[in-house]
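Now for the letters of each chain:
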Amino acid sequence: MSSRGIGNRRREAAGAACNDLAPKHDIPMLRRMKAFGLSWFTILTLTLSAFADEKVRVSSFSTILTEIAEQVGGDRVTVTGHVKPGVDPHDFEPKPGDLKTVGSAQVILLSAKHMEGYVGKLKESTGTKGALIEVGDRFASLKMKADDGHGHDHGGKGELVEDPHWWHSLASMNKAVKVVRDALSKAAPASAPAFTDNAARYLAKLDALQKWTRTELAKLPRDRRKLVTSHDAFQYFAKENGFTVYAIEGLSTADQPSSKKVAEIIATIKAQSVKAIFAEKIENPKVLTEITRETGAKLGGQLHADGLGEGEAATYEGMYRHNVSTIVNALK
Amino acid sequence: MRGSPLLRALLAFLAILSLAWPLRRLTTASEAPLERPETVVAEAEEIGLQLTFTLVPKSVKVRHLDREIWSETAPAAAMERSLKLPYPDEGIDLQFQIEWPGGASAPLAAMRATLTDPAGDAHEKSVWGQGGVDAVLTFP
């Protein structure tokens, strides 16, 4: 064996040793780098998609606004309705759990016009960074004299107060949809075109509801449009549709009628030949029963005064149609 | 107080008994059912209704209180009719169902309704539609 041959073999052996060593060191390194890169890519993708898919967190303190937010927001919002269907908003007080949810909400929807007496508490205790939208304050109010000092922030006796039941006006509903659409678009500008499309669809439904209402109410003579209800929640509806309201109680469900007021109502029903009087879903119709006994007017059925309820009243359209049909059938 | 305790008890009982009837009348509702309030229906009066169209329609129907009061299958560009309807102070709603030729591709057309009330005052309302319209107009 020549020395050259030995040297070559040594070099080959050394090279082979080196080759054996190199892959053992480089492959895990490459793998680690690849894994590192892949992880970053995954994290980046997930983060970006999370931002893209992140839903706008909405807290709503009105069953009506909950529906509007759900309809306008579609699958791009998560709506927490704090006031549940059938719950009297005049009596509602937020609980600690509600305040916690509000604290992380991006958009907080309030019915306003003094319906939520706890609005100050909401602002103070949540320290919310979300946009607090007092929807009802964005359009004109009907003002009326408060009967007494009871109820939520509805003012003292004789004082002019804002009527908070704006959702019984389809024109106000129209404006409320636009307010919610704009608030959501501001919170998530990327989703604004979707919010605009959804709002347009919902507004078209309201337009159809308005046409149906006009046709339905045309069956009822205008001189019979006298609405005797338990609490004074239908002034917006009355103004839009040519009714006169004689409410037994005040603006709030907490208001109680005086015997003088009941006597006045009885005299009015007799003088105006009112055929029927109406109770409400969340009211005790005891006083109404007494009035029917005194006047001979019948109980025309129950109306939904303070927001959405169960069954057919689970949607705004269902609630509104129920109220209109009940009134027309009882008074015509 | 003098007198027999038995007599005094009897007098007290009679006094209470004499209050029984008025008390019963005050505390119980009348058993006789009250008459339902009579619905006062406004008397039918003569009113004039004049319809003018920008495009002659195929058909026109006018309804009042869910009842057809005027129907034309070959209407003209302007029509007039005298109707007898109750016309209360609060006014009336009239429903107009108009069909124009051309269907959905028809041009935008309008109808002007002029109602002359029993006092002789004229009230004008308009409605627009494409192909047809079903609308309620309130007078005055």
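Residues numbered from 1 in each chain as written. Chains lettered and ligands numbered in written order. Predicted model: local features only at pLDDT ≥ 70, side-chain atom pairs only at ≥ 80, totals over all residues.

Novice: What should I look at first to understand the overall build of chain B in this one?
Specialist: Looking only at helices and strands, chain B has one helix and eight strands in total. Start at the N end of chain B and walk to the C end: the helices and strands fall as α-β-β-β-β-β-β-β-β. Looking at chain B as a whole, 14% of its 140 residues are labelled buried. By sequence separation, contacts in chain B at least 24 residues apart represent 64% of the contacts at least 6 residues apart. (Helix = DSSP H or I, 4+ residues; strand = E, 2+ residues; numbered from the N terminus. Buried ≥ 20, exposed ≤ 12 C-beta atoms within 10 Å, placed from the backbone. Contact = placed C-beta atoms within 7 Å.)

Novice: Sorry, what's going on with the overall build of chain A here?
Specialist: Across its full length, chain A holds 10 helices and 10 strands. For chain A, with 332 residues in total, the buried portion stands at 42%. Once local pairs closer than 6 in sequence are excluded, the contacts in chain A between residues at least 24 apart make up 60%.

Novice: Looking at this structure, how should I read the pairing of strand β9 (residues 276-280) of chain A?
Specialist: Consecutive side chains of a regular strand alternate in pointing toward one face of the sheet and then the other. Residues and elements named next belong to chain A. The element β9 is extensively covered by neighbouring structure, given that five of its five residues are classed as buried. The two faces of β9 match: Ala276, Phe278 and Glu280 on one face and Ile277 and Ala279 on the other face are all buried. Pairing of strand β7 (residues 226-229) with β9 involves two bridges; the strand directions are parallel. The residue bridging Thr229 from the neighbouring strand is Phe278, located in β9. (Pairing = 2+ DSSP bridges.)

Novice: Teacher, can you tell me more about helix α5 (residues 170-187) of chain A here?
Specialist: Because an α-helix packs 3.6 residues into every turn, residues spaced three or four apart end up facing the same way. Compared with the 26 Å implied by 1.5 Å per residue over 18 residues, the 26 Å span of α5(A) between its first and last C-alpha is a close match. Turning to α5(A), its buried residues are A:Ser172, A:Met173, A:Ala176, A:Val177, A:Val179, A:Val180, A:Arg181, A:Ala183, A:Leu184 and A:Ala187. (Expected span 1.5 Å × (residues − 1).)

Novice: Looking at this model, I keep getting lost on the nonpolar core. Mind explaining?
Specialist: General note: in soluble globular proteins, nonpolar side chains tend to be found buried as a group. Counting residues in hydrophobic clusters, the biggest one holds 68 residues, and the most contacted among them are A:Ala69, A:Val72, A:Val107, A:Leu109, A:Val135, A:Val180 and A:Leu184. Top contributing element to this core by residue count: α5(A), with eight residues. Looking at which domains feed residues into this core, each of domain 2 (56-144 + 160-208) and domain 3 (215-331) of chain A supplies at least three. Those residues in contact with A:Ala69 that lie beyond four places of it in its chain are A:Val58, A:Ser60, A:Val77, A:Val79, A:Leu109 and A:Val180. Judged by nonpolar contacts, the second largest core, of 15 residues, contains B:Ile47, B:Leu94, B:Trp100 and B:Phe139. (Core = buried A, V, L, I, M, F, W, Y, C linked by C-beta atoms within 7 Å. Domains from an automatic or database assignment.)

Novice: Please clarify how the sheet that holds strand β3 (residues 107-110) of chain A should be interpreted in this entry.
Specialist: Each strand in a sheet pairs with its neighbour through backbone hydrogen bonds, running either in the same direction (parallel) or in the opposite one (antiparallel). Residue and element names in this part refer to chain A. Taken in spatial order, the four strands line up as β2-β1-β3-β4 in an open sheet, and their pairing is parallel. Edge positions in the sheet fall to β2 (77-81) and β4 (131-134), since each of these pairs with one other strand and no more. With strand direction ignored, the average angle separating the axes of adjacent strands in the sheet is 20°. Two elements, β3 and β4, share four bridges in a ladder whose sense is parallel. The partner of Leu109 across the bridge, within β4, is Ile133. Contacting β1 (56-60), β2, β3 and β4, α5 runs over the sheet at an angle of about 175° to β4. (Axes fitted to C-alpha atoms, helices over the stretch in contact; angles between N-to-C directions.)

Novice: Just checking my understanding: could you explain the packing of α5(A) against helix α6 (residues 192-217) of chain A for this structure?
Specialist: Two numbers describe a pair of packed helices, the interaxial angle and the distance between the axes. Residue and element names in this part refer to chain A. Following both chains from N to C, one finds α5 and α6 inclined at 175°, their axes separated by 9 Å at the closest point. Considering their axes alone, α5 and α6 lie roughly antiparallel with respect to each other. The segment α5 lies against α6, with Leu170, Met173, Asn174, Val177, Lys178, Arg181, Leu184 and Ser185 engaging Ala192, Phe195, Thr196, Ala199, Tyr202, Leu203, Leu206, Leu209 and Gln210. Split by residue class, the contact of α5 with α6 holds 11 nonpolar, four polar and two charged. (Parallel < 35°, antiparallel > 145°, perpendicular 65-115°, else oblique. Nonpolar A, V, L, I, M, F, W, Y, C, P; charged D, E, K, R; others polar.)

Novice: Looking at this model, I keep getting lost on the sheet that holds strand β8 (residues 244-247) of chain A. Mind explaining?
Specialist: Residue and element names in this part refer to chain A. Spatially, four strands are ordered β8-β7-β9-β10 in an open sheet, and the strand pairing comes out parallel. The two strands at the open ends of the sheet, each matched to only one other strand, are β8 and β10 (298-303). Strand-to-strand, the axes of this sheet are offset by a mean angle of 30°, without reference to chain direction. Contacts from helix α9 (residues 286-295) reach β9 and β10 within the one sheet, and its direction differs from that of β9 by about 170°.

Novice: Even after reading the chapter, I still don't get the confidence of the model for chain A, so can you show me in this structure?
Specialist: Detailed reading of predicted coordinates is not advised where the pLDDT is low. Residue and element names in this part refer to chain A. Within chain A, residue pLDDT values average 83, and 77% of them lie at 70 or more. Segment residues 13-23: pLDDT under 50, and zero contacts once partners within four positions in sequence are set aside and those in other chains are kept. Across residues 148-153 the pLDDT falls below 50, and counting only partners more than four positions away or on other chains, this stretch makes 20 contacts in the model. (pLDDT = per-residue confidence, 0-100.)

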